[in-house]
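# Remarks on the overall topology
Single-letter residue listing:
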Amino acid sequence: NYLKKYLKPRHKNMIDIKKMSKETGISASEIEQALNSKLNFTEHIVSTIEEARTINGTSPKNSEAERSSLKQWSALALKQAQLANTIEKAKSAYQISPINSEAQQVALEKWVEFANTPEEIGAVYGICPINSKLEQFALEKQINLTLRLIENANTLEEGIFACKASSKNSLARKKAII
């Protein structure tokens, strides 16, 4: 968390080494050397996703610190994704996970699983990997949820809502119109 203080305002993933040196009394070259260090120190100091993300984003590209913090970030995010038991927690876990990580995939699967309305499933359907089993499952779930809305519609307003919740040219939409 202390590194946030030294992030450059216009470059959110770069440390202002001169500012850090001036405020800490540590030479700029020593700070730069520490940031470029091959030591695998992040495993010992990282305890939160926020810390891991900060270290990952501020570490030099292709450095050991970047790789180690990404490993820690992925592990911590995976735990959060596995523990998600509501749609809100699954969505949050997805959003804080490293891109294309196992944690992000687990969170996305849980997000689809917990979606119980056409709006909720529609929001997650668009980010499912194209032509994946998960995308197909989300589409089927959206159709089923929409059909259920249509079947349970008792008023004109409920019918219109169900129609709008369905995809254009879909069987569900045609059924809602009838």
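Parameters at a glance
Here the residue numbers are simple positions, counted from 1 along each chain's written sequence. Residue-level local features of this predicted model are given only where pLDDT is at least 70; pairs of side-chain atoms are given and counted only at 80 or more, and the full residue set underlies all totals for whole chains, interfaces and linings. Excluded from the side-chain calculation are hydrogens and water; included are all heavy atoms of the structure. Nine residue types can take part in a nonpolar core, namely buried Ala, Val, Leu, Ile, Met, Phe, Trp, Tyr and Cys, and a core is a set of them joined through side-chain atoms within 4.5 Å. Type-normalised accessible area, obtained with a 1.4 Å probe on protein chains alone, sets the label of each residue: buried when under 20%, exposed when over 50%, and partly exposed for intermediate values. By the criteria applied, helices consist of DSSP H or I runs no shorter than four residues and strands consist of E runs no shorter than two, each listed in order from the N terminus. Whether two residues touch is decided by their heavy atoms; if any such pair falls within 4.5 Å, the residues are in contact. Pairs of N or O atoms within 3.5 Å make up the polar contacts considered here, provided that, within protein, one atom can donate a hydrogen while the other can accept it, and that residues adjacent in sequence are counted only when both atoms are side-chain atoms. Between the first and last residue of a helix there are one fewer steps than residues, each counted as 1.5 Å, and that sum is the expected span. For helices, the fitted axis covers only the stretch in contact; all axes are lines through C-alpha atoms, and the angles between them, taken along N-to-C directions, range from 0 to 180 degrees. Orientation is classified from the angle alone, with under 35 degrees giving roughly parallel, over 145 giving roughly antiparallel, 65 to 115 giving roughly perpendicular, and any other angle giving oblique. Crossing handedness is read from the near helix: turned anticlockwise from the far helix by less than a right angle, it gives a left-handed crossing, and turned clockwise, a right-handed one. By definition here, a salt bridge exists when the distance from a side-chain nitrogen of Lys or Arg to a carboxyl oxygen of Asp or Glu is within 4 Å.

## Points about the nonpolar core
Core analysis: the biggest nonpolar cluster contains 28 residues, and I49, A77, L108, W111, V112, I121 and V124 have the highest contact counts within it. A per-element tally of this core places helix α7 (residues 102–114) first, with six residues. In this structure L108 touches Y94, V124, I127, C128, P129 and L134, once residues within four positions along its chain are discounted.

## Remarks on the environment of T117
Here T117 is to be found in the loop between α7 and α8 (118–125). C-alpha of T117 to C-alpha of A165: the two residues are 48 residues apart in sequence and 9.2 Å apart in space. A polar atom in the side chain of T117 sits 3.0 Å from the backbone nitrogen of E120.

## Some thoughts on α7
An ideal rise of 1.5 Å per residue puts 18 Å on 13 residues; α7 measures up with 18 Å between its terminal C-alpha atoms. Packed against the buried residues of α7 are α5 (64–83), α6 (87–96), α8 and α9 (133–152).

## A closer look at the packing of α7 against α9
At a minimum axis distance of 10 Å, the contact between α7 and α9 shows a crossing angle of 15°. Between α7 and α9, the angle falls in the class roughly parallel. When you trace α7 past α9, the crossing you get is left-handed. The residues of α9 that touch α7, namely those facing Q105, L108, E109, V112, E113 and F114, are L134, F137, A138 and K141.

## Here we look at the pattern of salt bridges
Proximity of charged atoms lets side chains of opposite charge pair with each other. As enumerated under the stated definition, the model contains one salt bridge in all. Across the pair R67 and E64 runs a salt bridge whose closest N-O atoms are separated by 3.5 Å. Note that R67 and E64 are positioned in helix α5 at a spacing of three residues, about one turn of the helix. A residue is classified by how much of its surface remains accessible, and E64, at 22% relative accessible area, is partly exposed.

## Some words on unusual backbone geometry
Residue N100 is not a glycine yet carries a positive backbone phi of 60°. Its identity is not glycine, yet N131 carries a phi of approximately 60°, on the positive side. Positionally, N131 belongs in the loop between α8 and α9. A relative accessible area of 72% means that N131 is categorised as exposed.

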